[in-house]
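Results of the structural survey
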Amino acid sequence: MRFLKWAVVFIVLAGIVAATVPFWPAKSTYDEAAAQATLSSDKDALIARGKYLVAAADCVACHQSPDGAPFAGGLPIETPFGVIHGTNITPDADNGIGAYSSADMYHAIADGIRKDGQWLYPAMPYASYHEIRQEDSDAIYAYLMTQTPVKRANPATGLPFPFNQRWLLSYWNLVNPKISIADATSGSSDHNGAYLTEVLGHCQECHTPRNLMGGLKLASAYEGGVLGKGILAPSLTPAGLAERGWTAEDLRTFLKAGIAPQGTMTLEMFPVLDHSTQYLNEEDIAAIQGYLTGETLPSRQPSEAPKPTDPDAHKRGRDTYVAVCAGCHGIEGEGKPHIAPPMTTNTSLRLADPSNLLHVLLDGVPEQHYPNGEVMQEMPGFAQTLSEQELIDLANYMRVEWGGQPAILTTETLSGDLAVSAR
Ligand code: HEC
Ligand code: HEC
Ligand code: HEC
């Protein structure tokens, strides 16, 4: 009897401990002395470094205002659980980070814990930023504190119950591990590819599939992620990239300039270029590319060219292409410099999943400004001007003709959830 009683007491106590463990603050250690040393070092160099790191970590992509003010917040970010807004991170005392210390900033970035001790939603990519170096977080802090404070209140998050309960994130953080690069040793410490790619660049946040809780499936790192509206962030594994015809050099060009023979940056990738990778120096670009693929990628081995399954449909697709697209993309899909990219080498045709191709065809691409003064004019969307059948025939034609992919599009693919139904 006595044994049973103690066993019950033990189990209850163990239960209480287990239930509260997640609520224990999960803060990383912050070295105040080191921070003082960093923050009192050469101000100009520190701020310049902070600015560079803010670009490498792409903070603006999420923290700008909808009208483009860099750190003023309010940009809606769609998640499967509801809308979350990037917050105001200008040094405004009421709405921004005016009251943050450098330690508060570090815990927000590395641990996802904001100044008032509450969890941040993982839409703030702290699963990636977790191992940010303290001196880098301090430099980011120093830079952000030089910005003009903007009085702009943060919109409330649009999350329904129970997702609006921040304490539940304790459990989320317990079961969804953060990225660790402790074992990765590529590159020198200054131009460390793992650090730039995994931590600052947080490339996995889009390019790795997620579990039902929205956590990253780290065991399938870089195998490709599906974003809102079925948009695909393609696989960045060496095999995946090689299959679509990437070379090391083209990858570096793509990250620096946004344009390569394999395509232009579109959809969610364009802001990555716009606020981040174009500002990285050559060494850091090379470090990212080197980390992802190493120096040599196997050359593309196109599988035996698929035959058009329906020659009439193939011909109809060709006719539409010539009539509607060739004026910009060239009669044989060869592209026109400064007007439109080639289709013959374009990866959106080489992906088994046609989602991104369909998105571009239906919605078009807005006018985008690339580095070096290159401007791509707007590509119109064809959702209104081409019939469903015309779009299907056209996409199938292009996939077979230039992508080496089978003509799998049907009426169902076009009207259903693009990404899922096509996979
Ligand atoms: C992928 C989008 C994304 C990126 C990139 C991002 N953030 Fe955030 N951040 C968010 C979101 C969304 C929130 C608000 C989350 C919430 O409400 O729980 C947030 C919250 C914060 C907060 C807390 C502000 C507060 O409410 O007290 C700070 C500080 C912050 N981010 C700083 C940064 C810095 C610095 C960077 C770059 C190193 C950065 N963020 C990059 C999405 C992002
Ligand atoms: C008015 C000129 C114009 C017309 C007409 C046009 N496009 Fe485009 N297209 C562009 C431009 C410019 C881009 C690159 C946009 C950017 O990246 O800023 C582009 C991009 C694309 C892309 C994506 C490239 C990538 O790398 O992601 C595809 C696919 C594409 N077009 C297919 C078509 C098809 C199919 C048609 C005919 C139905 C068509 N386009 C008609 C100008 C045009
Ligand atoms: C906000 C989501 C997002 C983030 C963050 C992101 N990407 Fe992407 N990426 C995309 C999407 C969507 C595409 C497909 C559209 C395109 O090709 O432009 C893409 C395309 C690419 C491609 C071209 C793949 C192909 O075959 O067409 C490369 C290479 C790439 N990303 C590298 C990176 C690297 C490196 C990082 C980190 C520095 C990164 N991406 C971060 C969303 C993202």
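Conventions used here
Residues numbered from 1 in each chain as written. Chains lettered and ligands numbered in written order. Predicted model: local features only at pLDDT ≥ 70, side-chain atom pairs only at ≥ 80, totals over all residues. Helix = DSSP H or I, 4+ residues; strand = E, 2+ residues; numbered from the N terminus. Buried ≥ 20, exposed ≤ 12 C-beta atoms within 10 Å, placed from the backbone. Contact = placed C-beta atoms within 7 Å. Expected span 1.5 Å × (residues − 1). Bend = angle between axes of the 7 residues up to and from the residue. Near = placed C-beta within 6 Å. Nonpolar A, V, L, I, M, F, W, Y, C, P; charged D, E, K, R; others polar. Domains from an automatic or database assignment.

1. Considerations on the overall build of the protein chain
- Along the backbone of the protein chain there are 20 helices and eight strands.
- Out of the 423 residues in the protein chain, the part that is buried amounts to 38%.
- For the protein chain, the share of sequence-separated contacts (at least 6 apart) that also reach a separation of at least 24 residues comes to 62%.

2. Topic: the environment of Pro162
- Positionally, Pro162 belongs in the loop between α7 (134-144) and α8 (169-175).
- Using a count of 8 C-beta atoms within 10 Å as the deciding quantity, one classes Pro162 as exposed.
- When the C-alpha positions of Pro162 and Phe81 are compared, they lie 9.8 Å apart, and in sequence the two are 81 residues distant.

3. Focus: helix α15 (residues 311-329)
- Taking 1.5 Å per residue as the helical rise, α15 with its 19 residues ought to reach 27 Å, whereas the 23 Å between its terminal C-alpha atoms falls clearly short.
- Where α15 bends most, at Ala323, the angle is about 50°.
- Turning to α15, its buried residues are Gly317, Thr320, Tyr321 and His329.
- Of the surrounding elements, those touching the buried residues of α15 are α18 (388-403).
- A positive backbone phi angle near 90° is found at Gly330, which sits one or two residues after α15.

4. Some points on the site of ligand 2
- In the vicinity of ligand 2, 22 residues are found, and the nearest of them are Gly263, Thr264, Cys325, Cys328 and Met376.
- For the shell around ligand 2, the secondary structure elements donating two or more residues are β6 (263-264), α15 and α17 (355-363).
- In the shell around ligand 2, the residues fall into 13 nonpolar, nine polar and no charged.
- Both domains that meet at the shell around ligand 2, namely domain 2 (193-293) and domain 3 (311-422), each give it at least three residues.

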